[in-house]
Amino acid sequence: MEFLKRKKVRDTFKDKAYFNRYIKRRNEAIKIWGAKYKEGAIAKERTSASKKIEIESYLFLLKAKYSRGDNMFKKEVLDMYHNITVLMQEYWHKYHSNTIKFPEGNETIYLNQYSTWGYLYILDILSLGILLNVPNKDFNIVVDFVDKDEVKDFLIEFLIKHRIPERTPIKKESYERFYDINDKYGVLKTIIKIEDKTKAQKELKKFLEKKWYSSLKDTGYYNQHISKFDVYSGYWCFVTAAIVKIKGLDDSNFKDNPYYPKDLV
């Protein structure tokens, strides 16, 4: 297959030398964190935050490897995904930092909703699980993470149900208060319900061209490619590729979109 032989960088914003440097630094950072755990150099109260940083590092590595042009169906990639799921089990605690909390009077209010960053993270992990065809054991850990958070979301459930078809459908989302998730990604929840494949394909194309990148504003991802620091790993919209795979859509009209990871479909 063509994607197995591909050597050319896939990203349109940075060159291969940049991603070589980025991946080397991320790998070095992960080794340092691992050594600190073994040495007991991380305080117990900081363990959860440290695990979160490690999870992010592995996810950014996966993005950067795809951006660089790597073969994403090698064992080392699946091992990275597995490492993410192990860390997710260790990181999870009630009301962790991916979820919404805010002060109300003298109380802190917690919602069964993800922050925008948390939502994108879950979409990325579930979508990559589908696109890379990861083992059920690893995918189910991600599902368990969502279930323990008690977050109900139609797009998240659509992805999960592809791997767990017997899963009971949700009747409504768990958003207790309005949040901008549906403003940004509600169109995807409409697309997954469209039976006409031609229409669904047109709407996905429109989303990639007009909405995806702008939806990243206020997330920390936006304009990363122009940062003076090496923080950019790619703007890939993995969830659109997962939708294409699940619904059996023809992506020929948008496969060359700079945000669409066509080699994973």
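Residues numbered from 1 in each chain as written. Predicted model: local features only at pLDDT ≥ 70, side-chain atom pairs only at ≥ 80, totals over all residues. Heavy atoms only, no water.

K.L.:
Can you lay out helix α9 (residues 197-210) for me, pointing to particular residues and giving the numbers?
P.N.:
Helix length check: α9, at 14 residues, gives a terminal C-alpha distance of 20 Å against a target of 20 Å (1.5 Å per residue), a fit within 8%. Among the residues of α9, the N-terminal cap falls to Asp196, whose side-chain oxygen and the backbone nitrogen of Thr198 are separated by 3.0 Å. (Helix = DSSP H or I, 4+ residues; strand = E, 2+ residues; numbered from the N terminus. Expected span 1.5 Å × (residues − 1). Polar contact = N/O pair within 3.5 Å; in protein donor to acceptor, adjacent residues only side chain to side chain.)

K.L.:
Outline the packing of aromatic side chains, listing residues and values.
P.N.:
Under the counting rule described, the total for this entry stands at 19 aromatic pairs. Aromatic side chains Phe13 and Tyr232 sit 6.1 Å apart centroid to centroid with 80° between the ring planes, which places their arrangement in the edge-to-face category. You can see Phe13 sitting in the loop between α1 (2-5) and α2 (16-39) and its partner Tyr232 sitting in the loop between α9 and α10 (238-247), a full 219 residues away along the chain. For Tyr232, a relative accessible area of 1% corresponds to the buried category. When the ring of Phe19 is compared with that of Tyr232, the centres are 6.2 Å apart and the planes differ by 45°; the resulting orientation is tilted. (Phe/Tyr/Trp six-rings, centres within 6.5 Å; stacked < 30°, edge-to-face > 60°. Buried < 20%, exposed > 50% of the residue type's maximum accessible area, 1.4 Å probe, protein only.)

K.L.:
Please provide a residue-by-residue account of the layout of surface pockets, values included.
P.N.:
One simple way to see leftover space: roll a probe sized like a water molecule over the atoms. Of the pockets and cavities examined, the largest pocket occupies roughly 230 Å³. In terms of residue count, the dominant contributor to the lining of the largest pocket is helix α7 (residues 154-163) (five residues). Looking at the lining of the largest pocket residue by residue, the classes come out as six nonpolar, two polar and four charged. (1 Å grid on protein atoms, 1.4 Å probe; cavity = no way out; pocket = protein on both sides within 12 Å on 5 of 7 lines; lining within 4 Å. Points joined across faces, edges and corners; volume = space filled by probe spheres on them. Nonpolar A, V, L, I, M, F, W, Y, C, P; charged D, E, K, R; others polar.)

K.L.:
A description of the confidence of the model for the protein chain should follow, citing residues and the corresponding values.
P.N.:
Of the residues in the protein chain, 93% reach a pLDDT of 70 or more, and the chain-wide mean stands at 91. Taken as a whole, residues 1-6 scores under 50 in pLDDT and shows seven contacts with residues more than four places along the chain or in a different chain. (pLDDT = per-residue confidence, 0-100. Contact = heavy atoms within 4.5 Å.)

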